[in-house]
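Residue-level listing of the chains:
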Amino acid sequence: YLGQDVDLPIWPANIDRYETYVLDRDGDYRAPLLQGLVRYAAFSLDTPGCAVEIDGFALTNDCVHSEGELDGSFRCSDERLNALWRASVRSCELSAIPSYLATNVTPAVRTLPYLADGAKRDRLVWSGDLWWAERNVFYGFRTDEPYMRGSLRMLAANRTPEGYVQACPWPEQRPPKAGEYGPFPSDEFSAWFVPVLWDYHLYRDDRTLLAETWPVVRDLIGYLGRHRNADGIFEQRPETSKHAAALVFGDSSCHHRAYMNILLWQTYAEAAKIAKTLGHAEEASRWRREADGLATAVRRLFWAADRGHFVLSLEDRSFNFEANALALANGFVHADEAARIIPQLVRVGHGKFQALAVRGSFACGDAGAAMRLLAAHNWFALVSPEWRGAHLTSECAWLVHKGWGDEAHPDTAIAGILSAAVLGIEPLEPGFAKFRFAPPAGTHLAFAKGRVPTPAGDIVASWEKGADGRIVRHLTKPDALVCVDFR
């Protein structure tokens, strides 16, 4: 662990990616803490005039990531998108950490399998990034993959007595005590637990896990509710306000943020769906009312009607890319709001939030804008033949290929977006019991085809544009599944 002032709680770790040895014998020398995703090694001698003979060298996997779990597929008329789908799923595969025996704690424990946000660097589950990452797993991996289920169970096990869910617990960590918010204390990341859980159930139809984690959902909603003001708006506290939006502790301009409150609306709405699924009618009704009331408050307090966008916060009325992109992606906006927001989205430095804008534009029916926003960032550069780094989706879609920047980050992987929006297959009910097949209109693509794993079996779909410009669709599905939207 790197200390309380460092965001990244890696433990054990080797930040510098090198080991120094005194070579005083023949035999094997092993470097066990190189973290992962090491592609090559360099050797140097720091004693002048000495010589060393190296008989052999190997980088070993040693069960640090998933192998052979893939079942989904995607292909279209744009080879860049095909490469990006493969790179996205491969980034998740490299970050899928199998169960292992942790001997760095006493007593030794066997960990849960989980999806880390960073194969090279963090190697930890991050609650605030899974909503971006998980759909890549759902469309690329077999339905019996254990990584998302393990991730959610790991997060649920790290709930404090007051209901807060830690953002990035160590796989070997004991359950936290009251007030132990973890090395990345963030109410925002804690709130993401519910949307991630509902999305998992939507794709995997896992009522058993919903029932197991129900106490966590109930207590987390209670915790978040205790930190809302009289208007219902969430109030940031310095002690739990770290998050991807880079809030500085105590920054008065961000105590009441649109992004956090649009996320909180989603958290209440999807907690209500979980409650309804499990038969908790009172909580389902109450949380649905809370979501509706919060939506009204957010529009009244954060929507700039004269400019057609959501502002950063009550204190800062500037345009905020993250809040507007999230409102598109999670279904918060109305159609007229989306039409005004989308033209104002150009590019933001963090590819994670650019991916929100891509996903949201597709979701709102503007495929042309979605493709524009995808091309505006670095995704195509990351899979270009000229790129000399790893052909993976890097942290924030930055062009990094050495040092501490992570070259395999699932939260900028977008295979899930391509399968859902370009191929056009999305679940409407848990486990794809009902699903839509809706190819996008207004793109340059001539065809798309792919395979989507579901608990009932694979959906195989394809479409192509005919000579008259019409889209012709082909679909093979399990008998138990119903396609209700075939447009």
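Our subject is the structure that appears above.
Novice: Describe helix 11 (residues 351-363), with residues and values.
Specialist: When the terminal C-alpha atoms of helix 11 are compared, their 18 Å separation across 13 residues agrees well with the 18 Å that a helix rising 1.5 Å per residue should span. Counting buried residues in helix 11 gives 12 out of 13 residues, a clear majority hidden from the surface. Taken residue by residue, helix 11 has G351, K352, F353, Q354, A355, L356, A357, V358, R359, G360, S361 and F362 as its buried positions. One or two positions beyond helix 11, positive phi appears at G365, with a value near 85°.

Novice: Mind laying out the sheet that holds strand 9 (residues 434-437), listing which residues take part and the relevant values?
Specialist: Across the sheet, three strands lie side by side as 8-9-13; this open sheet has mixed pairing. The sheet terminates laterally at strand 8 (425-427) and strand 13 (482-485), the two strands that pair on one side only. Mean inter-strand twist for the sheet, computed between neighbouring axes without regard to direction, equals 40°. Pairing between strand 8 and strand 9: three bridges, direction antiparallel. For E426, the partnering residue across the bridge sits in strand 9 and is R436.

Novice: Describe in detail the environment of Q344, supporting the description with residues and values.
Specialist: Structurally, the position occupied by Q344 is in the loop between helix 10 (335-341) and helix 11. When the C-alpha positions of Q344 and F319 are compared, they lie 9.1 Å apart, and in sequence the two are 25 residues distant. With residues up to four places along the chain from it excluded, the contact list for Q344 reads R307, G308, H309 and F319. Here the side chain of Q344 touches G308 through a polar contact of 3.0 Å, landing on its backbone oxygen.

Novice: Tell me about a nonpolar patch on the surface, and name the residues and values.
Specialist: Together, Y21, L23, F43, L45, V52, I54, F57 and L59 make up an exposed nonpolar region whose accessible area comes to about 780 Å². Structurally, L23 can be placed in the segment before strand 1 (73-76).

Novice: Account for the packing of aromatic side chains, with residues named and values stated.
Specialist: Considering all chains together, one arrives at 22 aromatic pairs under this definition. For the ring pair Y139 and Y203, a centre distance of 5.4 Å and an interplane angle of 75° mean the geometry is edge-to-face. You can see Y139 sitting in helix 2 (residues 130-140) and its partner Y203 sitting in helix 5 (residues 193-204), a full 64 residues away along the chain. On the basis of relative accessibility, which here comes to 1%, the residue Y139 falls in the buried class. Residues Y259 and F353 carry aromatic rings whose centres are separated by 5.9 Å and whose planes lie at 85° to one another, so their mutual orientation is edge-to-face. Of this pair, Y259 sits in helix 7 (residues 258-277) while F353 sits in helix 11, placing them 94 residues apart in sequence. Per residue, the accessibility class of Y259 equals that of F353, and both read buried. In this structure an aromatic cluster arises from ring pairing among W131, W132, W192, Y259 and F353. If you follow R25 out to its NZ or CZ, it ends over the ring of Y29, 4.2 Å from the centre. Lying over the aromatic face of F380, R80 brings its terminal NZ or CZ to 3.9 Å of the ring centre.

Novice: Any chance you could break down the sheet that holds strand 10 (residues 447-452) for me, citing the residues and the numbers?
Specialist: In space, the four strands of this open sheet follow the order 1-10-11-12, with antiparallel pairing throughout. The open sheet has two free edges, formed respectively by strand 1 and strand 12 (471-476), since each of these has just one partner strand. Going across the sheet, the axis of each strand differs from the next one's by a mean of 5°, ignoring polarity.

Novice: I'd like a rundown of the packing of helix 7 against helix 9 (residues 321-329), residues and numbers included.
Specialist: Two numbers describe how helix 7 lies on helix 9: the axes approach to 8 Å, and their chain directions differ by 20°. Classified by the angle their axes make, helix 7 and helix 9 are roughly parallel. Between helix 7 and helix 9 lies a crossing of left-handed hand. Counting all contacts with helix 7, which are made through A258, Y259, I262, L263 and Q266, the residues of helix 9 involved are E322, A323, L326 and A327. A breakdown of the residues in the contact of helix 7 with helix 9 according to their chemical character gives seven nonpolar, one polar and one charged.

Novice: Lay out the environment of M154 with the relevant residues and their values.
Specialist: Along the chain, M154 falls in helix 3 (residues 147-156). Exposure remark for M154: the relative accessible area of 3% places this residue in the buried category. Linking M154 and P171, residues 17 residues apart in sequence, is a C-alpha distance of 7.0 Å. If near-sequence neighbours (up to four positions away) are discounted, M154 is found in contact with L112, Y114, V125, P169 and P171.

Novice: Just give me the short version of the pattern of salt bridges, but keep the residues and values in it.
Specialist: Between side chains of opposite charge, a pair can form as their charged atoms come close. What the rule picks out here adds up to 24 salt bridges. Taking the shortest distance from any N to any O, the salt bridge between E145 and R204 comes out at 3.8 Å. Taken together, the positions of E145 in the loop between helix 2 and helix 3 and R204 in helix 5 put the pair 59 residues apart, joining distant regions of the chain. A residue is classified by how much of its surface remains accessible, and E145, at 5% relative accessible area, is buried. With its nearest N and O atoms 3.8 Å apart, the salt bridge here joins K434 to E429. With relative accessibility at 33%, the residue E429 sits in the partly exposed group. Salt bridges sharing common partners tie together R159, R218 and D219.

Novice: Go over the nonpolar core with me, naming the residues and quoting the values.
Specialist: Core analysis: the biggest nonpolar cluster contains 129 residues, and F193, V217 and F310 have the highest contact counts within it. With 13 residues, helix 7 is the single largest residue contributor to this core. The contacts of F193, once residues within four sequence positions are left out, are L152, L155, A156, V165, T213, V216, V217 and L220. Among the nonpolar cores identified, the runner-up in size contains seven residues, and W126, A167, C168 and W170 belong to it.

Quick notes on the rules
Residues numbered from 1 in each chain as written. Predicted model: local features only at pLDDT ≥ 70, side-chain atom pairs only at ≥ 80, totals over all residues. Heavy atoms only, no water. Helix = DSSP H or I, 4+ residues; strand = E, 2+ residues; numbered from the N terminus. Expected span 1.5 Å × (residues − 1). Buried < 20%, exposed > 50% of the residue type's maximum accessible area, 1.4 Å probe, protein only. Pairing = 2+ DSSP bridges. Axes fitted to C-alpha atoms, helices over the stretch in contact; angles between N-to-C directions. Contact = heavy atoms within 4.5 Å. Polar contact = N/O pair within 3.5 Å; in protein donor to acceptor, adjacent residues only side chain to side chain. Patch = residues over 30% accessible without salt bridge, like charges linked within 9 Å, V, L, I, M, F, W, Y side chains within 5 Å. Areas by Shrake-Rupley, 256 points an atom, 1.4 Å probe, with all protein chains shown as cover. Salt bridge = Lys/Arg side-chain N within 4 Å of Asp/Glu carboxyl O. Phe/Tyr/Trp six-rings, centres within 6.5 Å; stacked < 30°, edge-to-face > 60°. Lys NZ or Arg CZ within 6 Å of the ring centre and 35° of its normal. Parallel < 35°, antiparallel > 145°, perpendicular 65-115°, else oblique. Left-handed = near helix turned anticlockwise from the far one by under 90°. Nonpolar A, V, L, I, M, F, W, Y, C, P; charged D, E, K, R; others polar. Core = buried A, V, L, I, M, F, W, Y, C linked by side-chain atoms within 4.5 Å.

Function cannot be inferred from these measures alone, as they are strictly geometric.
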